[in-house]
Amino acid sequence: MGKNRAAKAAGMHSITQYTTCDNLRSGSRGSSRRLLAWILRFKQLRSLVLHLTNPQWGWWGGVSTQHDIVTVFRDHLEGASENPGDPDPERLVEYLAGVCLPLLGETVVQALEAGLTLEEVEVVINSLPLVRSPGSDSFMAEFYQTFATALALQLLALYKEGLTADILPDSMQEGLIAMIRKSGIASSDPASYRPITMIDLNVKSLRRDLPLR
């Protein structure tokens, strides 16, 4: 048990020592496999968040468990996205009164309010970028484009039902948040990470359909 804990505490040092072993210099077939496994493991460890400083505890305290790290990130993001306060209604009306907003013609209004079509959904599916991270369902753009004809029918029915009822399924209102580290800031500082939300492609498809109007 003590050796395992020491290996985990050593972190990168234990991996560096592993590369100096004679079996990686022997030229055997297993050496290249072990080297590839080390490279993958090294990249994985570089992307892990192993320690964070909790601002509420001061810079001398920190957290290292997965639950506490997630809690610190959540509190940090909630604090960063707090609403500064509702605007003054009178000032808002006064501002809008001085803005010259364009008026849409009846033909344009009818076109914008018309329901989605199958062709629109298929066009958006085929225009999805291939090199994008999937959401929680793990379906890539290649999957949607391979079965575009069949999926377009299903997605069109889903979109129409959601827009008519003014509510979407819970899965379309969720996403995976990945924390990307910024350069030049301590890795233990929650502010040194920027969040990226990865959502399912069926949500991205709907989001692309509407602006095309």
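The residue numbering used here restarts from 1 in each chain and proceeds along that chain's sequence as written. For this predicted model, a pLDDT threshold of at least 70 governs which residues receive local features, and a threshold of 80 or more governs which side-chain atom pairs are given and counted, while totals over whole chains, interfaces and linings are taken from all residues. Hydrogens are left out, water is left out, and the side-chain values use all remaining heavy atoms of the structure.

Draft legend 1. Main features of the overall build of the chain. Secondary structure elements follow DSSP: runs of H or I no shorter than four residues count as helices, runs of E no shorter than two count as strands, and numbering proceeds from the N terminus. In terms of regular secondary structure, the chain is built from ten helices and four strands. Shown N-terminal to C-terminal, the secondary structure of the chain runs as helices and strands in the order α-α-α-β-β-α-α-α-α-α-α-β-β-α. With a 1.4 Å probe rolled over the protein chains alone, any residue whose accessible area is under 20% of its type maximum counts as buried; one over 50% counts as exposed, and the rest are partly exposed. Of all 213 residues assigned to the chain, the portion counted as buried reaches 20%. In this description, contact between two residues means that some pair of their heavy atoms is separated by no more than 4.5 Å. Contacts in the chain between residues far apart in sequence, at least 24 positions, make up 50% of those at least 6 positions apart. Computed with a 1.4 Å probe, the accessible areas rest on the Shrake-Rupley method; for each residue, only the protein chains presented here act as cover. Surface summary for the chain: the accessible area is close to 15,800 Å², and the carbon and sulfur share equals 58%.

Draft legend 2. Quick peek at unusual backbone geometry. In the Ramachandran plot, Ser138 falls in the positive-phi region, its phi being about 65° despite a non-glycine side chain. With respect to the helices and strands, the residue Ser138 is situated in the loop between helix 7 (118–126) and helix 8 (141–146).

Draft legend 3. Representation of helix 10 (residues 201–212) within the structure. Under the convention used throughout, the expected extent of a helix is 1.5 Å for every residue step, that is, one less than its residue count. Over its twelve residues, helix 10 runs 17 Å from end to end, which matches the ideal 16 Å to within 8%, given 1.5 Å per residue. Those residues of helix 10 lying buried are Leu201, Asn202, Val203, Lys204, Ser205, Leu206 and Asp209. The inward-facing, buried residues of helix 10 abut helix 7, helix 8 and helix 9 (148–165).

Draft legend 4. Quick peek at the pattern of salt bridges. Whenever Lys or Arg places a side-chain nitrogen within 4 Å of a carboxyl oxygen from Asp or Glu, that contact is recorded as a salt bridge. Taken as a whole and judged by the stated rule, the model has one salt bridge. Across the pair Arg74 and Asp75 runs a salt bridge, and its minimum N-O distance is 3.8 Å. On the basis of relative accessible area, Asp75 is assigned to the partly exposed category, the value being 37%.

Draft legend 5. Focus on the side chain of Ser205. Considering the arrangement of structural elements, one finds Ser205 in helix 10. Since its relative accessible area comes to 0%, Ser205 is described here as buried. Residues within four places of Ser205 in sequence aside, it is in contact with Val124, Ile125 and Tyr159.

Draft legend 6. Structural context of a nonpolar patch on the surface. Among the surface-exposed residues, Leu92, Tyr95, Leu96, Val99 and Leu101 lie close enough to one another that they form a single nonpolar patch of about 480 Å² accessible area. Among the secondary structure elements, Tyr95 is positioned in helix 5 (residues 89–97). Under the relative-accessibility criterion, Tyr95 is labelled exposed at 54%. Only residues whose relative accessible area exceeds 30% and that take part in no salt bridge are eligible for patches, with like-charged residues grouped when within 9 Å of each other and nonpolar side chains (Val, Leu, Ile, Met, Phe, Trp, Tyr) grouped when within 5 Å.

Draft legend 7. Region of interest: helix 9. With 18 residues, helix 9 extends 25 Å from end C-alpha to end C-alpha; this agrees with the ideal 26 Å at 1.5 Å per step. Every buried residue of helix 9 is listed here: Ala148, Leu151, Ala152, Leu155, Leu156, Tyr159 and Gly162. In an axial view of helix 9, the angular spread of the buried residues amounts to 140°, which keeps them on one side of the axis. Residues Gln154, Glu161 and Thr164 are exposed on helix 9 and point more than 90 degrees away from its buried face. Positioned one or two residues after helix 9, Asp166 has a phi angle of 60°, which is positive. Arc, as used here, means the arc of the directions from the helix axis to the C-beta atoms.

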